[in-house]
Amino acid sequence: MIFLALLVTASLFDDTPRGEVRYVLALDPLFQMEGGVRTASSVQAAAMLYDELLAERLVFDESKPWNKALAVSARLLKLFAVDFTLAAFTATFIHEVFGHGARGRESGLWPTYAFTVPPPWRWFVDPKGPRYAGVTNGAYGDDEELNRAMLVSGIEAEFYTAHWVTADAFKRHGSLRYGDALLYVAAKLSYLPSLLLWARPPQEDTFASNDVEQYAAALAARFNLDAGDDVRQVRRMLAISYIGNALDPMFWISAWHLAVSYAGFGQRAFNLPTFAVGSLRVLPTTRYNLTPFGPEHYLDFFAFSERVAANVYVRAGSSGLAFYGGLGGRLFRYAPLEWLSLGAELDLWLQPQTAFHVRNLYDRPLTFGVNYGASIEISVYGPIGLHGRIAYKTRGHVMGQPLGEGVHGYFGLFVQP
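Quick look at the structure, then. Remember, it's a predicted structure, so these values are computed and weren't measured experimentally.

Each value, and the rule that gives it
Counting restarts for each chain: residues are numbered from 1 in the order of the written sequence. Only residues with pLDDT of at least 70 get local features here, since the model is predicted, and only at 80 or more are side-chain atom pairs given and counted; chain-wide, interface and lining totals rely on the full set of residues. Water and hydrogen atoms were dropped before computing side-chain values, which therefore reflect all heavy atoms in the structure. Helix numbers and strand numbers start at the N terminus; a helix is a DSSP run of H or I with at least 4 residues, a strand a run of E with at least 2. By the convention used here, residues are in contact when the closest approach between their heavy atoms is within 4.5 Å. Only the protein chains shown count as cover for residues, and the accessible areas themselves come from Shrake-Rupley with a 1.4 Å probe. Ring pairs shown here join Phe, Tyr and Trp side chains whose ring centres sit within 6.5 Å, with only the six-membered ring taken for Trp; geometry is labelled stacked below 30 degrees between planes, edge-to-face above 60, and tilted in between. Each residue is placed in one exposure class: buried if its accessible area under a 1.4 Å probe, protein chains only, is under 20% of its type's maximum, exposed if it is over 50%, and partly exposed if it falls in between. Only when the NZ atom of a Lys or the CZ atom of an Arg is both within 6 Å of the ring centre and within 35 degrees of the ring normal do we say a charge sits over the ring. Side-chain atoms alone can form a polar contact between residues adjacent in sequence; in general such a contact is a pair of N or O atoms within 3.5 Å, and within protein one must be able to donate a hydrogen while the other accepts it.

**Comments concerning the overall build of the protein**
Turning to step 1, where the next piece is worked out: Counting secondary structure elements, the protein contains 14 helices and 14 strands.
Turning to step 2, where the next piece is worked out: At a minimum sequence separation of 6, the contacts of the protein that also span at least 24 residues come to 65%.
Turning to step 3, where the next piece is worked out: On the protein, roughly 18,900 Å² of surface is accessible, and the fraction owed to carbon and sulfur atoms is 67%.

And the structure:
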């Protein structure tokens, strides 16, 4: 009840946006997941500028009941017919190009992609066409271990997109924009039917293109569970673990923003309901991810102040097939000067050995891993600036980062009008 009261208060009385949207171009030689997620999300945010321009030019008096009903209906129609299409395509593009594609490029492959008409239009213009919204070709090589990890890299990229929507909102002092909330919801609903319908046998015509079905079979095989009942048990475990995805406060906040703040009141920015801890404003959130060892759950604490935006987290696996977990944090922004922003990151984990090029290895020792790095943003001229990130990690799985060991990162431009 307290949380619901916070949502109501925030949506009705705290709709003045804080901070400006920053559009990011992040480049690295392999177009890896994090840089790709940030770039594609920025392109989607830039495309959503049409909505703000449209709102400025179409001023409509909603004081009368019929006018209000007409305005709400128009916003709902635009949300589903235009804006959801854009968000769904962005999520699919990230899934294929910076999910499966990023893992493929890590192993020296350069996949190709094909996309169908995004929903909801696909349901009308091609109802008997392919069920998938996009497909990646040539992303899998001879490395079985890497292939198993790549099976859900598309879903991982979408869930990581949602994580960065939250991070960007906290870098804007807690302001969640309409388009970002839409992308968050679209990304978090990735493969919802497949993850929930564990009792339904997989259809032969969809198995080959269904990441979750293939992942369940590969996960069972990885832990030497090859019988049909074992695979069904793994699918049941995935469905139960997926409840963790529904416990994410940011998902329900985003859905509230779309259904109430935007559709009901026409608000295009929503200040997140946060708690005061000293000079910080804090919001606990959760994350859900699928790893090479099974599902994993994060508990995040995001915080911001006038000059700082950061998060800390703990994570733990729930598959029952192995022990895996970790903790870490990230300083997204520390602005000692108006034109300078610094960042840092640290991830620690303990998980089964990720041994590439090894066959039939089921009893893997637990290994400790670390990822650490720094980032910088410098305003150069007016709204234009430079940014970069450099990090080093050991071999292992951490959400959104390369699987192998070595230096990684990106550089590029940002524009903050």
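From this point, the narrative continues.
**Here we look at the packing of aromatic side chains**
Turning to step 1, where the next piece is worked out: The tally for this structure, following the rule as stated, stands at 16 aromatic pairs.
Turning to step 2, where the next piece is worked out: Taking 3.8 Å as the distance between ring centres and 15° as the angle between the ring planes, the aromatic pair formed by Tyr-178 and Tyr-262 counts as stacked. Remark: Tyr-262 occurs in helix 14 (residues 249–265) and Tyr-178 occurs in helix 8 (residues 178–188); sequence separation between them is 84 residues.
Turning to step 3, where the next piece is worked out: Residue Tyr-262 is classed as buried on the basis of its relative accessible area, which comes to 0%.
Turning to step 4, where the next piece is worked out: Members of the aromatic cluster, each reached through a chain of ring pairs, are Trp-164, Phe-170, Phe-302, Phe-304 and Phe-332.
Turning to step 5, where the next piece is worked out: Geometry around Phe-414 places Arg-22 over its ring, the cationic atom sitting 4.0 Å from the centre.

**Examining the side chain of Arg-389**
Turning to step 1, where the next piece is worked out: Relative to the helices and strands, Arg-389 resides in strand 13 (residues 384–393).
Turning to step 2, where the next piece is worked out: One polar contact links Arg-389 to Glu-345, side chain to side chain, over a distance of 2.8 Å.
Turning to step 3, where the next piece is worked out: With sequence-adjacent residues up to four places away left out, Arg-389 is seen in contact with Glu-34, Arg-330, Glu-345, Asn-371, Ala-374, Ser-375, Gln-401, His-408, Gly-409 and Tyr-410.

By themselves these figures say nothing about function.
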